[in-house]
Amino acid sequence: PAPGTAGGRPPPRSRWIWAPFTSSARPHDPTTFRHWVRAGVEYPDYPYARFNVHLDAVEYTDEEYARYLRGDDAGGVGTAPPARRREAASSAGGSASPTKGAAAGEG
């Protein structure tokens, strides 16, 4: 007999089938999908449904933001979100173009 065979015969191959499945990760969607699975193996749920994690969005008041989240350093943790930084820069008279004066022959 040849190595890796049982009595000169090739090893038995596993049988695969194209089977329908639904996922508990999609409770409001009755869509049935299909995938390849080994014949005779039953899955009580789609194996990757456990990765469908829902988190609650973090909410805070303006006072909590000012007290705990707003920092004085530029960029990094604790600074205002980009939209608020842009608003602050535009209200402070910041220029969008650093070469504005140089283009007019100044500086």
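All values reported here derive from a predicted model rather than from experimental measurement.

Things to note about the packing of aromatic side chains
Stage number 1. Evaluated as defined, the whole model comprises 4 aromatic pairs.
Stage number 2. Look at Trp18 and Trp36: their rings are 5.2 Å apart centre to centre, the planes differ by 50°, and that puts the pair in the tilted class. Pair noted here: Trp18 is in strand 1 (residues 16-21) and Trp36 is in strand 2 (residues 33-38), with a separation of 18 residues, a long-range link.
Stage number 3. Assessed through its relative accessible area of 54%, Trp36 is described here as exposed.
Stage number 4. With a centroid separation of 5.8 Å and 35° between ring planes, the pair formed by Phe21 and Phe33 is classed as tilted. Note that Phe21 is positioned in strand 1 and Phe33 in strand 2, a separation of 12 residues in sequence.
Stage number 5. Residue classification places Phe21 among the buried residues on the basis of a relative accessible area of 16%.
Stage number 6. Classification of Phe33 by relative accessible area gives partly exposed; the value is 30%.

Observations regarding the layout of surface pockets
Stage number 1. Empty space within the largest pocket amounts to approximately 220 Å³.
Stage number 2. Elements represented by at least two residues in the lining of the largest pocket include exactly strand 1 and strand 2.
Stage number 3. With 4 residues, the single largest contributor to the lining of the largest pocket is strand 1.

Rules of the game
- Residues numbered from 1 in each chain as written.
- Predicted model: local features only at pLDDT ≥ 70, side-chain atom pairs only at ≥ 80, totals over all residues.
- Heavy atoms only, no water.
- Phe/Tyr/Trp six-rings, centres within 6.5 Å; stacked < 30°, edge-to-face > 60°.
- Helix = DSSP H or I, 4+ residues; strand = E, 2+ residues; numbered from the N terminus.
- Buried < 20%, exposed > 50% of the residue type's maximum accessible area, 1.4 Å probe, protein only.
- 1 Å grid on protein atoms, 1.4 Å probe; cavity = no way out; pocket = protein on both sides within 12 Å on 5 of 7 lines; lining within 4 Å.
- Points joined across faces, edges and corners; volume = space filled by probe spheres on them.

Remember that the coordinates give geometry; whether it matters functionally is a separate question.
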